[in-house]
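# Geometric and topological summary
Listed here are the chains, written in short residue letters.
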Amino acid sequence: AFEINGANQDVPLTKDALKAMGPRIHQVHNDGGRDIAHKYTMYEKWTAAAEAYPVEYKFPYEPYFVAPKQIPRYDIRFFGYGNDKASHCYEINAAGYEFWVLPESFVVHVAHKQGSWVQQTFLDPKDRLSKTLGQFLKDVDAKYVRRASKNDKVVFDPLPPSAGYQVAVGVPGKGCGEACKGIGKVCKAEWGDRINSCKELDLHFDCSKGCTDGFFGSDLPAYNLQREQCLINNAPAAAPFNCDITYEFSKRVCPCGSA
């Protein structure tokens, strides 16, 4: 999906015509914070692609797509505006469907005024974001058994005894700095990848209601109290482990070492 800069909103009809527009046309919603909704399409790859290619789904990816009629339907809780496409794609991925990008197909988002339907919701926007979406994701994970295993297979070289490596478990709303200090050590953010697995979380929490790699964030991995699930970070390069970040509903696991 693309959008055009400037007053001339004439839509290109072919991929070659689109490419000839240069910087006048770009990924839809490419501003910081919203770009994650579409960037996993890998636009640079699409520009040169001659064949369809798969993309790895990561929440909140919400591409425009074509699909068979038997896919899961939109959830009525997202009637109106906000998280409708993101929630739908989350369930489609959970149901086992894959996202493939077609090399010659594209859509263009044409600039327009905000429609009145934006206000057609029954919840305060904060409730829509936290309560409704949180419950929906929890319901989907209960409906489709989803468990991350990719990171469980990664093997790290052992650290020397002098490193003093030890994993600490934090309390909700507190960072890893405090958790490590509580066992007489300091947090080592550079060791974050060592604990980013369901196998590690299973050692510290009850992950029987699910361990998922459907999210990313510098506060992960952690046990989420709202979802009652273990969460690992699916994008540690984009959102690297941070010792100081806190989240009121997260019990963090923390890599600690000697000062």
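In what follows, the structure referred to is the one given above.
First, a word on scope: everything that follows refers to the structure included in this document. Predicted model, so just to flag it, every value in this text is computed and none were measured. (Residues numbered from 1 in each chain as written. Predicted model: local features only at pLDDT ≥ 70, side-chain atom pairs only at ≥ 80, totals over all residues. Heavy atoms only, no water.)

## Some thoughts on the nonpolar core
The nonpolar side chains of a soluble globular protein tend to be buried, and buried together. Counting residues in each nonpolar core, the largest one holds 36 residues, and the members touching the most others are Ile25, Tyr57, Phe59, Tyr90, Phe99, Leu137 and Phe215. Sorting the residues of this core by element identifies β1 (2–4), α2 (43–48), β3 (53–55), α3 (84–94), β4 (99–101) and α4 (125–143) as the ones contributing at least two each. The dominant element in this core, judged by the number of residues it contributes, is α3, at five residues. Apart from residues lying up to four places away in sequence, Ile25 is in contact with Phe2, Glu3, Ile4, Pro12, Leu18 and Val108. Ala179, Ile195, Leu201 and Cys256 belong to the second largest nonpolar core, which has 20 residues in total. (Core = buried A, V, L, I, M, F, W, Y, C linked by side-chain atoms within 4.5 Å. Buried < 20%, exposed > 50% of the residue type's maximum accessible area, 1.4 Å probe, protein only. Helix = DSSP H or I, 4+ residues; strand = E, 2+ residues; numbered from the N terminus. Contact = heavy atoms within 4.5 Å.)

## Comments concerning the sheet that holds β1
Strand pairing in a sheet relies on backbone hydrogen bonds, with the paired strands running either antiparallel or parallel. With mixed pairing, three strands are arranged side by side in an open sheet as β2-β1-β5. Across the chains shown, the open sheet's two edge strands, defined by having one partner strand only, are β2 (25–27) and β5 (108–109). With two bridges connecting them, β1 and β5 associate as parallel partners. Within β5, the position partnered with Glu3 by the bridge is His109. (Pairing = 2+ DSSP bridges.)

## A closer look at α3
Three- or four-residue spacings in an α-helix give side chains the same orientation, since the helix completes a turn every 3.6 residues. Of all the 11 residues making up α3, nine are buried; the element is thus mostly covered by neighbouring parts of the structure. Taken together, the buried positions of α3 are occupied by Asp84, Ala86, Ser87, His88, Cys89, Tyr90, Glu91, Ile92 and Ala94. Just past α3, the residue Gly96 takes up positive phi, approximately 105°.

## Overview of the packing of aromatic side chains
Pairs of aromatic rings are described using the distance from one ring centre to the other and the angle between the two planes. If you walk through the whole model with that rule in mind, you get 17 aromatic pairs. Considering the side-chain rings of Phe2 and Phe106, the 6.4 Å spacing of their centres and the 90° angle between planes classify their relative orientation as edge-to-face. You can see Phe2 sitting in strand β1 and its partner Phe106 sitting in the loop between β4 and β5, a full 104 residues away along the chain. Exposure remark for Phe106: the relative accessible area of 21% places this residue in the partly exposed category. (Phe/Tyr/Trp six-rings, centres within 6.5 Å; stacked < 30°, edge-to-face > 60°.)

## Points about the environment of Tyr223
Its place among the elements puts Tyr223 in strand β9 (residues 222–224). Judged by relative accessible area, Tyr223 falls into the buried class, the value being 15%. Residues Tyr223 and Ser250 lie 27 residues apart in sequence; the distance between their C-alpha atoms is 5.6 Å. Not counting residues up to four positions away in its chain, the partners in contact with Tyr223 are Phe205, Asp206, Glu228, Gln229, Cys230, Phe249, Ser250 and Lys251.

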